[in-house]
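# Commentary on secondary and tertiary structure
As a plain string of letters, each chain reads:
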Amino acid sequence: MKTKGLSTREKEFCRQYICSGSAKSAAICAGYTKNPQKKGEELLCREDIMSEILRLCEMKKQTAAELARTGYRRLAFGSIADAVSLLYMESPTTEQLEKMDLFSVAEIKRPKDGSMEIKFFDRLKALEKLSQGTVEDRGVSPVYEAIRQGADALRNNEDKHNED
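A brief structural summary. (Residues numbered from 1 in each chain as written. Predicted model: local features only at pLDDT ≥ 70, side-chain atom pairs only at ≥ 80, totals over all residues. Heavy atoms only, no water.)

## Some remarks on helix α4 (residues 47-77)
Note the threshold: A run of H or I in DSSP counts as a helix once it spans at least four residues, and a run of E counts as a strand once it spans at least two, with each numbered from the N terminus. A helix is expected to span 1.5 Å multiplied by its residue count minus one. Whether a residue is buried, partly exposed or exposed follows from its accessible area with a 1.4 Å probe, protein chains only, as a fraction of its type maximum: under 20%, in between, or over 50%, in that order.
For α4, spanning 31 residues, the distance from its first C-alpha to its last is 45 Å, which sits close to the expected 45 Å at 1.5 Å a residue. Of all the residues in α4, the buried ones are Ile49, Met50, Glu52, Ile53, Leu56, Cys57, Ala65, Arg69, Gly71, Leu75 and Ala76.

Structure below.
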């Protein structure tokens, strides 16, 4: 899908709409100051704008899925060496802690007796998620579908208005 025909402001509207889901807010952020609600609705009725919004939605969905896969890989195969080192430190400095990779740590407790307990995320569950092939983006797809349906409704409403 080409976006060459879109102005910089229209492209910014599309990006802002993906973030906010509000035509008015996206129009304001893109620099449309004169009646932003109307301008946002007009933009959503255009095929080229909707194509760009759908393209951006698909990119965002793929990016979110890849981030989830990367996180599951880190949980499944990541090192726990820094967490084990932490067990043996009496009072680690902030600088030491910031340098540690504690991604696989789910919880750290320090009971009253002064010891330390570290719980890790379940590696087997992470492996199961990875073996499922694709990571489901629960809650993401319905948002994009709602955007598409809203734009279709606006477009139909605009068509009816023009017929009258």
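## Let's talk about helix α1 (residues 8-20)
Basically, it comes down to this: By arc we mean the arc of the directions from the helix axis to the C-beta atoms, nothing more.
Look at α1: 18 Å from first C-alpha to last across 13 residues, which is about the 18 Å you get at 1.5 Å a residue. All of the buried residues in α1 are Glu10, Phe13, Cys14, Tyr17 and Ile18. Seen end-on, α1 carries its buried residues on one side only, within an arc spanning 135°. Those residues of α1 that are exposed and angled more than 90 degrees off the buried face are Thr8 and Cys19. In the stretch just after α1, Gly21 is the one whose phi turns positive, near 75°.

## Section: the pattern of salt bridges
Using the following cut-off: In the sections that follow, a salt bridge refers to a side-chain nitrogen of Lys or Arg positioned within 4 Å of a carboxyl oxygen of Asp or Glu.
One pass over the structure, following the stated rule, counts 10 salt bridges. Across the salt bridge formed by Glu66 and Arg69, the nearest N and O atoms sit 3.1 Å from each other. With Glu66 and Arg69 both in helix α4, this residue pair falls 3 residues apart, about one helical turn. Salt-bridge contacts for Glu95 lead to Lys99; the nearest nitrogen and oxygen are separated by 3.8 Å. One end of the pair, Glu95, and the other, Lys99, are both in helix α6 (residues 94-99), 4 residues apart, so they sit about a helical turn from each other. When sorted by exposure, Glu95 lands in the same class as Lys99, which is exposed.

Honestly, it's all geometry; don't read function into it.
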